[in-house]
Amino acid sequence: MLQLLILHLVVAVVAPACMKLWGRRFFLALALVPASAAVWAGMQTQEVLAGNHPAVSVAWVPTLDLSLTFRLDTLSWLMVLLVGGIGALVLVYCAAYFSATAKGLGRFAGVFVAFAGSMLGLVTTDNTLLLYVFWELTTITSFLLIGHYHDRQSSRRAAVQALVVTTFGGLGMLAGFIALGEVEGGSYSLRELVANPPTGGIVPVAVALVLLGAVTKSALIPFHFWLPSAMAAPTPVSAYLHAAAMVKAGVYLVARLAPGFADVPLWRWTLLLLGAGTLLLGGYRSLRQHDLKLLLAFGTVSQLGFIILLVGFGTNAAALAGLALLGAHALFKACLFLVVGTIDWSVGTRDLRELTGMARRMPLTALSAAIATASMVGLPVTAGYLAKEAALESMLHGDGFGKAALVAIVLGSMLTFAYGVRFMWGAFASKPGVEPPTAQRASRVITTPAAVLAAATVAVGFLPGSLEHVLAPYADTYPGEPGHLTLWAGPGPALYLTLLVVAVGTLMFLARRPIERAQDSLWDFGGAAAAYRKIVLGTERLAADVTAVTQRGSLPAYLSTILVTTVGLVGGGAIGFATLPADVRLWDSGVQAAVVVVICVAAFLTARARRRLKAVLLVGVTGYGVALIYELQGAPDLALTQVLVETITLVVFILVLRRLPAYFSNRPLVASRWLRAAIGAVSGITVAGLAMVAAGSRVHAPVSVDFAEEAYEYGYGRNVVNVTLVDIRAWDTMGEISVLLAAATGVASLIFLRARASKIDRATKLSADQQAKVWRTPAPERNAQLYQRLAAQAQEPEGDRGRQWLSAIPTLAPQRRSVIFEVGTRLIFHTMVLFSIYLLLAGHNQPGGGFAGGLIAGIALTVRYLAGGRYELGEALPVQAGWLLGSGLFLSAGAGAIPLFFGGDVLQSVLVQADLGIMGELKLVSTIFFDVGVYLVVVGLVLDILRTLGAEIDRQGEREGDAAPDVPFDSPEVTSDDVAPEAAPAGRTGATRPTDGGAR
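Keep in mind that what you see is a predicted model, and the values were worked out from it rather than measured.

Further remarks concern the overall build of the protein. Each helix and strand in the protein was counted, giving 40 helices and four strands. Taken across its 1000 residues, the protein has 50% of its residues classed as buried. Excluding contacts between residues fewer than 6 apart, the proportion of contacts in the protein whose partners are at least 24 apart in sequence is 78%. With the model as given, the accessible surface of the protein reaches about 46200 Å², and the carbon-plus-sulfur share is 66%.

So, in structure tokens, the structure goes:
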């Protein structure tokens, strides 16, 4: 099972690239992936029937007794056959359905296979938390598939609607699963929950939350409206997601839990009312649809209510009928959707009022549709007939619930028969007065999948005994008398009810026009769809009102609110319930006290400063002071990291300050200043008090006491800090570097005015003419001479130009150069890079690590940028920052899986030792790859900051005329004609003002 899931994942990743190479023919190869799941399930049939359910379990979080557990029983076996088999046929269908020039096929193929893999995991896992993970993966992939035509508003709206509704239900389901797992006698195993269901307490609430997930996923009222809207998706998506796979997830969940929870009163009443109501409402709405696809969509809603009513009813006979109907529905409804897609593909319309004579033009498609429709309405000899007859028989001998369900089933079957005949008439009948469609295409590839599904429907219908044999083990998990699947049970109530359904359904079809007029005359109140739109609109308005009150655009107001809340809640709680320690030692040495005094003075002067640069430098003093405190306390690793972070932070501040006024805005009123000072003082006292309270309240030994020993025993390193980051608390580090990546993305989105992945500015890619261009602004004679000298230098042979310490020096105007800085950069850059690599490799046993090493490398890049400009930065590291960020995150995540190949657990360290002879002994710990990932993320973050707050702001300043360009008008977006002579400030030609140029 794990191999099949990995296969789906790998193919989903490579599918877009393969689709570009081979085009839509690659769909035929992709069909082998879900087909492999169906073949594997078929090979396990004997084991499943014998009760030897194949299973696999991989430890996930052993301390919480959580594992990746997968199991194949009768219900999972049937679902895997449907998900895999129908998925393969739909992919074959896609090879003809989509045109060779269709856009986004690579993305569509990858997401489709990912959805199939998610459904495979969903129906085979035995862990409720893992089921939720796969549940949400199907939600996300279905969102992408429904919104495939993203340039259409209807597709985008339908995708968002499906996402919101199903995610809402999924979150409720997660809460229910957690409650069932934590309640007394509960479990996170589906098998254990069904075998020994917990009772009492919050179990009814938990069951209601789980049912919320099933109801939203399977589009039962009042959440049924998202499914017809989802018909904006391509027809292959409708045939797979909305007939055979996604909407069956809710049915599967109900069927999985029903043997254990059907006796809960809430369960039975909920599914009876929602299932019966959906059955009737969907059939009623189908009778008034003119779009064949919408007609089938509302019919699907109706059938889903029917299936859930049966599998959730709680008796053996009903469960057997429900499981048979689940399989039959997947076959006939997927077939009918493919038929509609074929008609639309062939003649360009799905409107039944515009179709006529299609049976003669498309005989094989018409035959497939007739068989599937017969199965849908319950005519012999089809799979649908076996299920419907068994459903009627199961309810005839039931209690009051059974009688109510029987009435709903009979009425719903009448509606189904009516809209089923209406579908066949609308799609294939010859209608007088209707012009036959002129355009017509034909393809054996596009008609074959529907024909195969129709043939399977008939084949199953001819084998009731075999079908009952394979489904009975699941039905036997329910109480009550066993049911039966049969083609002929003799005269009896079930037969008479079937005849009544056929007669009334035929009359309703014959009276279709009066029924349509009657439906049109009824008051259309909008229903659940209108309620959804009102809720969304109301939420948006409420959010706007709340935002208008709370988000006033004042950073001091925001910070004051946060601090006052913290002081009031946390500080108040500490005063009321905590006690200060009896013995408080203020410092260990006078040096510590002196450093604290310097920090306090710097902080006070920062609050008093009016110049921005002065304030930034004073903040830096406080940061370096904290680093000194770390060092005095014997924490060199923390001190090193603090110094490096403070350095990078200062650079970022200064880069931003280039685009801000030199001074802060007008100072606040005296009363406001005293209020802010009071908030700051009270907040500081509160934090200090909390630190003392926390230290004095400890009654147990801290968990970190054993870190030193565990770091060496389990992490194979002596640097406790680094081993903690990459091994003991690696999950925390994963979250932190993910935040770094998100921060880099956010900064870039705020700064870039062009595509973020635009070409990298590199000096070696510029010609001599580009390097020697003169900014077309009237200039004093002295600057003109400087530019002439630069132009002449650029025309000289490379060997005659003299020493160039940095590659991009020819791109700089002479007045922007600093030879001392250039020489110093040339001397220390490579040393800094080597030192960063040393810190990376030595950090497991010595001070350092990936984070510190990445910061050193980032500072080296910063020095290079400050010395030579954005073109020098491009020469220093000519790669996109996104590649470093993504590769680092991928490598860190992948490093956690390395132990699995050595028989270990996720994120467990693996030690590889080898004797290299004269070269010494090799000792390699797998966490080094995690550290390398952290290193790449940090370097990528710094590079992204330099490209955004540095190089991109440089480019924007040049374009606006606020700064001299490195190479005038090298960017394709800007030409010399874009800058008027008056664009440069008076008295300046190409040189920056002192306040602007001082950043370099």
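Right, let's talk about the side chain of T498 for a bit. Turning to its location among the elements, T498 is positioned in helix α23 (residues 493-510). When its relative accessible area of 8% is taken as the criterion, T498 is described as buried. Contacts of T498, omitting those with residues within four sequence positions, involve K388, E389 and L392.

A word on the packing of helix α16 (residues 316-347) against helix α18 (residues 363-377). Packing of α16 against α18 leaves a shortest axis separation of 9 Å and a crossing angle of 145°. Helix-helix and strand crossings are classified by hand; for α16 and α18 the assignment is left-handed. Contacts between α16 and α18 involve F332, K333, C335, L336, V339 and T342 on the former and, on the latter, T365, S368, A369, A372, T373, S375 and M376. Split by residue class, the contact of α16 with α18 holds seven nonpolar, five polar and one charged.

All right, on to α18 then. Helix length check: α18, at 15 residues, gives a terminal C-alpha distance of 21 Å against a target of 21 Å (1.5 Å per residue), a fit within 8%. Taken together, the buried positions of α18 are T365, A366, S368, A369, A372, T373, A374, S375, M376 and V377. Those residues of α18 that are buried are in contact with α15 (292-311), α16, α17 (358-361), α19 (383-396), α20 (400-428) and α21 (444-461). Where α18 ends, the next residue or the one after it, G378, has phi of about 90°, a positive value.

Attention now moves to the nonpolar core. Ranked by internal contacts, the top residues of the largest apolar core, which has 194 residues, are F27, L30, W226, Y240 and W267. The dominant element in this core, judged by the number of residues it contributes, is α16, at 22 residues. When sequence neighbours within four positions are dropped, the list of residues in contact with W226 reads Q161, A162, V165, T166, T216, K217, A219, H242, M246 and V247.

A few words on the pattern of salt bridges. Scanning the entire structure with this criterion turns up ten salt bridges. In this structure, D351 engages R353 in a salt bridge whose closest nitrogen and oxygen atoms are separated by 2.9 Å. Looking at D351, the relative accessible area reads 16%, which means it is buried. K388 is the salt-bridge partner of E389, the closest N and O atoms lying 3.1 Å from each other. Look at K388 and you get buried, because its relative accessible area is 4%. Three or more residues joined by partner-sharing salt bridges are found here, namely R71, D73 and R256.

The rules behind each value
- Residues numbered from 1 in each chain as written.
- Predicted model: local features only at pLDDT ≥ 70, side-chain atom pairs only at ≥ 80, totals over all residues.
- Heavy atoms only, no water.
- Helix = DSSP H or I, 4+ residues; strand = E, 2+ residues; numbered from the N terminus.
- Buried < 20%, exposed > 50% of the residue type's maximum accessible area, 1.4 Å probe, protein only.
- Contact = heavy atoms within 4.5 Å.
- Areas by Shrake-Rupley, 256 points an atom, 1.4 Å probe, with all protein chains shown as cover.
- Axes fitted to C-alpha atoms, helices over the stretch in contact; angles between N-to-C directions.
- Left-handed = near helix turned anticlockwise from the far one by under 90°.
- Nonpolar A, V, L, I, M, F, W, Y, C, P; charged D, E, K, R; others polar.
- Expected span 1.5 Å × (residues − 1).
- Core = buried A, V, L, I, M, F, W, Y, C linked by side-chain atoms within 4.5 Å.
- Salt bridge = Lys/Arg side-chain N within 4 Å of Asp/Glu carboxyl O.

Just distances and angles here, no functional claims.
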